[in-house]
Amino acid sequence: MAEPVLSIRDLSVEIPTRHGIVKPVDGVSYDIRAGEILGVVGESGAGKSMAGNAVIGLLSPPAHIASGEIWLNGKRIDQLRGEAMRRLRGKEIGMVFQDPLTSLNPLLRIGDQLVETMRTHLKISEKEAEKRAVAALEEVGIPGAASRVNSYPHEFSGGMRQRVVIALALCAEPSLVIADEPTTALDVSVQAQIIALLKRLCRERGTAVMLITHDMGVIAEATDRVAVMYAGRLAELGAVEQVLTRPQHPYTHGLMASTPLASEGKARLHQIPGAMPRLDAVPDGCAFNPRCPRATEVCRTPPPPRVKDGMAACWHPLVEDVEEKVS
Amino acid sequence: MLAFIIRRVGQSLLVLLIVGLVAFSMFNFVGDPIDNMLGQERTAEDIARLREQLGLDRSFFVQYFRFLQEALQGNFGVSYRQGRPVTDILLERAPATLELAAVSGVLAILFGIALGVFTAIRRDGIWAHAIMSASLIGVSLPTFLIGILLIYVFSVELGWLPSFGRGDVVTVGGWKTGFLTESGLKALILPSITLGLYQMTLIMRLVRSEMLEVLRQDYIRFARARGLRDRAVNFRHALKNTMVPVITVIGLQLGAIIAFAIITETVFQWPGVGLLFINAIQFVDIPVMAAYLMLISVMFVGINLAVDILYFFIDPRLRADRTGGH
Amino acid sequence: MTDIPVAPPPKSRLRLALESDVFYTFRRSPVAVISALVVLVLLVSAIFAPWIASTNPFDPASLNLMNGFTPPLEPNAFTGDSFLLGTDDQGRDVFSTILYGMRISLFVGVAAVAFAMVLGITLGLISGYVGGWVETIIMRVADVQLTFPSILVAMLIFGIAKGITPVEYRDQMAIWVLILAIGLSDWVQFARVVRGATLVEKNKEYVQAARLIGRKPGAIMLRHILPNVLSPVLVIATISLALAIIAEATLSFLGVGAPPTQPSLGTLIRIGQGFLFSGEWWILFFPACTLLALALSVNLLGDWLRDALNPRLR
């Protein structure tokens with residue numbers, strides 16, 4: 001098996017607060033291989049974005065990586081600081097933000113923003129960069145790219161702007177792209193187009209993608225594997241068909257049952273009782289235990305088993321009695 | 001764009017008309033102009049002749065119109081105190097004030113922006129904290145005390161710089177400049193620091209708060225996520241966006257510098273229009289007061305107009321909104 | 001002995017004030033406490049100046065020209081008298097002139113702000129509540145006035161008012177003209193904030209209800225709308241006070257404010273500047289320090305108050 005592009009091992013992010021340390025990311029491990037799209041799902045506050053920010057080195061202080069390792073193409077990058085990390089951003093790791101309306105500098109032409117990014121990372125002339133900027137815009141499907149390079153961001157629609165953002169994220173040919181809720185702020189009608197575009201470009205180039213979302217439709221549409229996060233921890237990790245159709249963790253199960261797509265045909269959508277705990281009050285043992293229908297004594301004290309690929313962090317996974325439940 | 005500029009010019013003219021009305025009312029209702037102009041020894045004949053000459057027997061609007069006509073031709077009457085045409089006196093003194101204001105303005109803008117950016121980027125540094133605390137004292141310190149303090153240190157104690165006047169001036173094409181002589185430049189130092197310091201503090205505090213706001217924006221995070229160098233992020237991306245709201249205030253501050261020059265000119269006995277204005281108030285020299293008011297209004301309105309037009313070249317969103325006619 | 005729980009007695013206003021959030025943040029902020037103390041000390045000594053000052057510096061009978069130019073804490077060469085902060089050219093005790101000068105500075109500052117506040121609130125309420133052309137005129141005037149620095153507006157008003165007053169009354173009227181000039185130059189801020197808040201409050205249900213039950217507009221504005229805008233008004237008033245004190249000092253320093261017969265701190269500094277080169281530094285230094293302490297502490301207090309009440313002012 002090929003070396004993964006990104007490998008996260010036991011990553012923890014801590015934020016010191018007045019009431020003690022909170023851990024928005026707690027002991028998370030996963031790999032992403034070249035050309036693979038890993039979906040990271042979870043409710044808001046589950047630590048999905050925080051993990052992405054940790055990888056690209058953009059945690060805003062006082063948040064910091066407390067323990068664990070991040071390996072990119074066989075190099076350890078979690079200890080890189082300042083200039084060394086900056087060289088990596090954009091060049092090795094691209095990032096797509098949630099809201100295309102606010103992620104482009106309103107005062108600079110998009111061509112200039114592309115040229116500037118490429119010339120920061122690649123040794124090319126101004127002319128060559130301009131040529132490549134047009135090509136990059138063509139690639140993301142912007143009509144009339146040759147003249148549109150001279151436009152300002154406000155002259156584009158939301159969907160078009162997100163295409164520009166994707167062009168910017170990919171223009172230095174990074175091996176990993178972190179897409180943080182790339183479709184959440186867009187109209188439903190253009191969401192599918194953007195996802196399809198992202199998927200096509202990454203497949204063509206063999207780019208690894210970390211696709212952070214809370215939208216199960218996007219997960220089903222685009223991803224190869226899925227990591228489910230709950231209260232900063234990894235609940236389940238596995239191939240997309242397996243997680244969507246045969247979830248093992250009771251939380252994943254609840255999440256699927258509460259999603260219109262996965263529970264087609266049911267009269268009423270399922271609800272998980274209660275709410276995700278606040279990060280300063282995560283319960284002992286399995287973080288999900290107070291809301292879990294299958295919780296027993298063992299769930300309340302020791303931490304649940306570590307997630308391996310295709311497995312859930314659960315003492316009582318749903319795998320063996322799926323049949324029994326259906327009957 | 002043209003429609004926008006025309007509208008702004010129209011508004012500016014309206015402001016000038018209102019100010020003109022105030023100035024005109026001063027002429028007519030503050031004290032009796034006849035009294036002021038003729039003094040104690042006068043005959044009824046003199047009074048009648050002067051009334052007719054000044055058009056005081058006409059209606060209010062006719063008089064106002066005449067005032068505006070005269071003002072447009074640069075005629076503001078004769079100074080009660082000096083007995084010379086006000087326009088001549090103002091023109092003679094304008095270079096001193098304009099040179100002082102220009103130097104102070106440049107100082108205030110350069111240092112204000114530089115320090116504002118510095119304190120925003122190094123927000124938690126010791127120097128940034130020190131500068132911010134000092135600036136709070138700077139805001140509370142009346143301009144004239146700064147001037148006196150500088151005079152005390154650099155003129156009285158150290159004896160390095162002159163404490164009053166402009167030094168030697170050279171006349172270039174009817175413009176008396178102090179820029180070309182050593183004593184003229186030396187004389188500029190203390191007054192221009194005095195005048196510029198307060199504006200610099202204001203600009204610095206504004207630039208800092210706007211820049212901190214901009215640095216929190218998504219496009220700055222995205223710029224960092226693309227691995228752009230700090231210099232490019234801070235100066236190309238953040239500073240440009242910071243300047244959009246700051247420019248209006250800088251424009252207003254430039255106007256304020258000309259007005260605050262009154263104080264500095266008094267402290268340093270600087271022979272400009274501000275000192276002239278203060279003396280005019282002390283002696284109730286109405287024509288000089290009215291002319292100064294009109295002069296300064298034209299400058300203010302002109303600066304505001306220039307700032308509005310400048311926005312078109314900085315903010316593409318504005319250009320599109322106004323020209324495209326959405 | 002019974003176990004019936006007794007309702008706690010209603011808390012006094014003082015108690016409520018002491019337990020409020022604002023007071024809590026006040027105690028936690030050393031800058032605010034020190035500023036408040038300085039303001040309090042200066043205010044009290046200004047009010048009780050006639051009892052604290054050793055002499056009345058404006059009573060010619062108590063002056064001895066021989067005492068002129070006595071340095072601080074040194075006995076005078078001729079008379080042997082000694083003065084805490086020295087004396088000026090006419091033998092007036094600098095400490096006493098500062099106390100009396102501060103009285104005038106504070107009086108002008110407070111009265112000007114009160115005047116600006118009443119004017120601004122009234123015009124703001126009217127323009128917000130009535131709307132239409134009344135609002136247009138008021139806010140247009142405000143806009144035009146705001147284009148010019150308020151010190152310039154104050155000078156102009158001072159000059160015009162001086163022109164209107166007959167020569168023989170000019171010195172007597174100077175203080176009142178000063179209050180009028182500074183007050184008129186400073187009302188816009190109040191009017192803007194009050195108008196904005198009025199526009200918001202006007203459409204709320206309780207105001208609509210008050211209108212429906214036939215309350216008069218004046219009563220609605222005073223009883224219902226005004227209390228809602230008090231905290232931003234308080235913040236503006238405090239900051240305006242610092243600005244008004246500086247404005248007064250500036251005008252008096254320029255010689256277009258308090259006359260030498262009724263000197264404020266600014267007038268004292270104007271007088272003292274004349275002795276800067278001859279070495280009598282104390283005539284200038286002490287009034288300047290007093291003015292600085294006053295302006296800085298009121299300013300800091302205003303800054304703190306803005307943060308504490310956080311009425312979304314910028």
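Everything numeric here is computed off the predicted structure, so don't read it as measured data.

*Asks:* What exactly am I supposed to notice about the packing of helix α6 (residues 132–147) of chain C against helix α9 (residues 187–202) of chain C here?
*Replies:* When two helices pack together, their arrangement is given by the angle between the helix axes and the distance between those axes. Residues and elements named next belong to chain C. Between α6 and α9, the least distance of the axes is 10 Å, while the angle of their chain directions is 135°. By the angle class used here, α6 and α9 are oblique. Along this stretch, α6 crosses α9, giving a crossing that reads as left-handed. Counting all contacts with α6, which are made through Ile138, Ala142, Gln145 and Leu146, the residues of α9 involved are Val188, Ala191 and Arg192. Among the residues forming the contact of α6 with α9, the class breakdown is five nonpolar, one polar and one charged.

*Asks:* What should I look at first to understand the UniProt feature "transmembrane region" (unreviewed entry) in chain C in this one?
*Replies:* The positions that UniProt labels "transmembrane region" (unreviewed entry) are, in the present scheme, residues 31–53, 104–130, 142–161, 173–194, 225–247 and 281–305 of chain C. A distance of 31 Å separates the end C-alpha atoms of residues 173–194 of chain C, which is 91% helix and 0% strand.

*Asks:* Help me understand the interface of chain B and chain C in this model?
*Replies:* One widely used convention gives an interface's size as the accessible area the parts lose upon coming together. Contact residues are listed per partner, giving 29 residues for chain B and 31 residues for chain C. Sorting the residues of the side of chain B that touches chain C by element identifies α1 (2–29), α6 (126–140), α7 (143–157), α10 (230–267), α11 (273–282) and α12 (286–314) of chain B as the ones contributing at least two each. With six residues, the single largest contributor to the side of chain B that touches chain C is α7(B).

*Asks:* What exactly am I supposed to notice about the UniProt feature "domain: ABC transporter" (unreviewed entry) in chain A here?
*Replies:* Residues annotated by UniProt as "domain: ABC transporter" (unreviewed entry) correspond here to residues 6–256 of chain A. Structurally, residues 6–256 of chain A is divided into 39% helix and 27% strand, and its ends, taken at the C-alpha atoms, are 27 Å apart.

*Asks:* Please explain helix α7 (residues 188–205) of chain A as it appears in this structure.
*Replies:* In an α-helix there are 3.6 residues to a turn, and that puts residues three or four apart on one side. Residue and element names in this part refer to chain A. With 18 residues, α7 extends 27 Å from end C-alpha to end C-alpha; this agrees with the ideal 26 Å at 1.5 Å per step. Within α7 the residues assigned to the buried category are Gln191, Ile194, Ile195, Leu197, Leu198 and Cys202. Relative to the axis of α7, the buried residues are bounded by an arc of 160° and lie together on one face. Structural note: α7 exposes Ser189 and Glu204 on the side pointing more than 90 degrees away from its buried face. Structurally, α7 contributes buried residues whose contacts are with β3 (37–41), α6 (158–170), β7 (176–180), β8 (208–212) and α8 (216–222). Note on α7: the residue one or two positions beyond its end, Gly206, has a positive phi of about 70°.

*Asks:* Can you walk me through unusual backbone geometry in this structure?
*Replies:* When glycine is set aside, most residues are seen to have a negative phi, and most peptide bonds are trans. Residues and elements named next belong to chain A. Phi is positive for Glu173, close to 50°, though the residue is something other than glycine. If you trace the backbone, Glu173 turns up in the loop between α6 and β7. Residue Glu173 is classed as partly exposed on the basis of its C-beta count, with 13 C-beta atoms lying within 10 Å.

*Asks:* Before we go on, may I ask you to explain the sheet that holds strand β10 (residues 233–239) of chain A in this structure?
*Replies:* Neighbouring strands of a sheet are bound in pairs by backbone hydrogen bonds; such pairs are parallel or else antiparallel. Residue and element names in this part refer to chain A. Pairing in this open sheet of seven strands is mixed, and the strands run β6-β7-β8-β3-β9-β10-β11 from one edge to the other. Two strands close off the open sheet at either side, each with one partner strand: β6 (93–96) and β11 (311–312). Of the pairings in the sheet, the one linking strand β9 (residues 225–230) to β10 comprises six bridges and is antiparallel in character. In the sheet register, Val228 faces β10, and the bridge partner there is Glu236.

*Asks:* Even after reading the chapter, I still don't get the UniProt feature "domain: ABC transmembrane type-1" (unreviewed entry) in chain C, so can you show me in this structure?
*Replies:* UniProt tags residues 102–302 of chain C as "domain: ABC transmembrane type-1" (unreviewed entry). In this annotation, residues 102–302 of chain C is assigned 81% helix and 0% strand; the end-to-end C-alpha distance for the span is 20 Å.

*Asks:* How do you make sense of the interface of chain A and chain B when you look at a structure like this?
*Replies:* With 25 residues of chain A at the contact, the number on the chain B side is 20 residues. Taken together, the elements giving at least two residues each to the side of chain A that touches chain B come down to α2 (82–88) and α3 (110–121) of chain A. Per-element tally for the side of chain A that touches chain B: the top contributor is α3(A), with four residues. Residue composition of the side of chain A that touches chain B, grouped by class: 10 nonpolar, eight polar and seven charged.

*Asks:* Just to check I follow, could you spell out the environment of A:Leu101 for this structure?
*Replies:* Locating A:Leu101 in the fold gives a position in the loop between β6 and α3. When residues no more than four places from it in sequence are discounted, the contact partners of A:Leu101 are A:Gly158, A:Arg161 and A:Ala185.

Cut-offs and rules
- Residues numbered from 1 in each chain as written.
- Chains lettered and ligands numbered in written order.
- Predicted model: local features only at pLDDT ≥ 70, side-chain atom pairs only at ≥ 80, totals over all residues.
- Axes fitted to C-alpha atoms, helices over the stretch in contact; angles between N-to-C directions.
- Helix = DSSP H or I, 4+ residues; strand = E, 2+ residues; numbered from the N terminus.
- Parallel < 35°, antiparallel > 145°, perpendicular 65-115°, else oblique.
- Left-handed = near helix turned anticlockwise from the far one by under 90°.
- Contact = placed C-beta atoms within 7 Å.
- Nonpolar A, V, L, I, M, F, W, Y, C, P; charged D, E, K, R; others polar.
- UniProt positions renumbered as here; feature names shortened; annotations may be inferred.
- Expected span 1.5 Å × (residues − 1).
- Buried ≥ 20, exposed ≤ 12 C-beta atoms within 10 Å, placed from the backbone.
- Arc of directions from axis to C-beta.
- Pairing = 2+ DSSP bridges.

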